[in-house]
Amino acid sequence: MFGVIAVLAALQVAYGCSGDSFSATSYTTTNLPLATETAIIVEFTADCPDSKLAAVIGDEVLPVYTAGDSNMVTLVKDHASLPSNSYNVDIYDEAGIVAFKNHAKDASVEAPKPIKTITVNHPGVSKEGLPIKRNLL
């Protein structure tokens, strides 16, 4: 029995996700006249073969979409709900997101550690103006 557990643990280490293999880029909405809502978009690459990933921004659990080698998570809310701030995007594998949801329901359950935390700096939205002057319209 102990041998089976040791093999499963070794497979998790060999095939699981590693926080060392992440690279990320992010985008946030900044131009108020051109957008009705604020979007936070994070695109990242991760060495997580055959793993379904999920993300947590604030207290919202979000799916991670995969296309080829790239992964993306998106959060869209009204401007007032996403003010200027630094937002942490916590990335979890399947077991981690289940543990996170259990922790959210019952605070006595230990909070899981994310595979990786990506910090997104959102400067907020501003009235930068339209790219062309109104009198030319």
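Small disclaimer: the values here were computed from a predicted structure and weren't measured. (Residues numbered from 1 in each chain as written. Predicted model: local features only at pLDDT ≥ 70, side-chain atom pairs only at ≥ 80, totals over all residues. Heavy atoms only, no water.)

A. Molecular detail of the overall build of the chain. A tally of helices and strands in the chain yields two helices and eight strands. Helices and strands in the chain line up, N terminus first, as α-β-β-β-β-β-β-β-α-β. Every one of the 137 residues in the chain was classed for burial, and the buried ones make up 28%. Across the chain, contacts joining residues at least 24 apart in sequence account for 71% of those joining residues at least 6 apart. (Helix = DSSP H or I, 4+ residues; strand = E, 2+ residues; numbered from the N terminus. Buried < 20%, exposed > 50% of the residue type's maximum accessible area, 1.4 Å probe, protein only. Contact = heavy atoms within 4.5 Å.)

B. Layout of the confidence of the model for the chain. Scored by pLDDT, the chain comes out at a mean of 81, with 79% of its residues at no less than 70. Confidence over residues 1–15 falls short of pLDDT 50; this stretch has three contacts with residues more than four positions distant or in other chains. (pLDDT = per-residue confidence, 0-100.)

C. The arrangement of the sheet that holds strand β6 (residues 70–77) in detail. With antiparallel pairing, the four strands of this open sheet are ordered in space as β1-β2-β6-β5. Whereas interior strands pair on both sides, the edge strands pair on one side only; in this sheet they are β1 (23–28) and β5 (65–67). With direction set aside, neighbouring strand axes in the sheet form an average angle of 20°. Inspection of the sheet shows β1 paired to strand β2 (residues 38–45) by six bridges, in the antiparallel sense. The residue of β2 that forms the bridge with Ala 24 is Phe 44. (Pairing = 2+ DSSP bridges. Axes fitted to C-alpha atoms, helices over the stretch in contact; angles between N-to-C directions.)

D. Structural detail: the packing of aromatic side chains. For the structure on display, the rule yields one aromatic pair. A ring pair is formed by Tyr 92 and Phe 100, whose centres lie 5.7 Å apart and whose planes are at 40°; its orientation type is tilted. Accessibility expressed as a relative area gives 4% for Tyr 92, which makes it buried. The buried category is assigned to Phe 100, whose relative accessible area is 15%. (Phe/Tyr/Trp six-rings, centres within 6.5 Å; stacked < 30°, edge-to-face > 60°.)

E. Region of interest: the nonpolar core. Grouped together as the largest cluster of nonpolar side chains are 19 residues, with contacts concentrated most on Val 42, Phe 44, Leu 53, Val 73, Val 89 and Ile 91. Taken together, the elements giving at least two residues each to this core come down to β2, β3 (54–57), β6, β7 (85–92) and β8 (116–122). Those residues in contact with Val 73 that lie beyond four places of it in its chain are Ile 40, Ile 41, Val 42, Ala 55, Leu 62, Pro 63, Val 64 and Val 89. Membership of the second largest hydrophobic core comes to five residues, among which are Ala 54, Tyr 92, Ile 97 and Phe 100. (Core = buried A, V, L, I, M, F, W, Y, C linked by side-chain atoms within 4.5 Å.)

F. Geometry of helix α2 (residues 94–105). Taking 1.5 Å of rise per residue, the 12 residues of α2 would be expected to cover 16 Å, and the 17 Å separating its terminal C-alpha atoms lies within 8% of that figure. Here α2 has its buried residues at Gly 96, Ile 97 and Phe 100. When α2 is viewed along its axis, its buried side chains cluster within an angular range of 95° and face the same direction. Exposed residues on α2 whose side chains face more than 90 degrees from its buried face are Ala 95 and Lys 105. Packed against the buried residues of α2 are β3, β4 (60–63) and β7. (Expected span 1.5 Å × (residues − 1). Arc of directions from axis to C-beta.)

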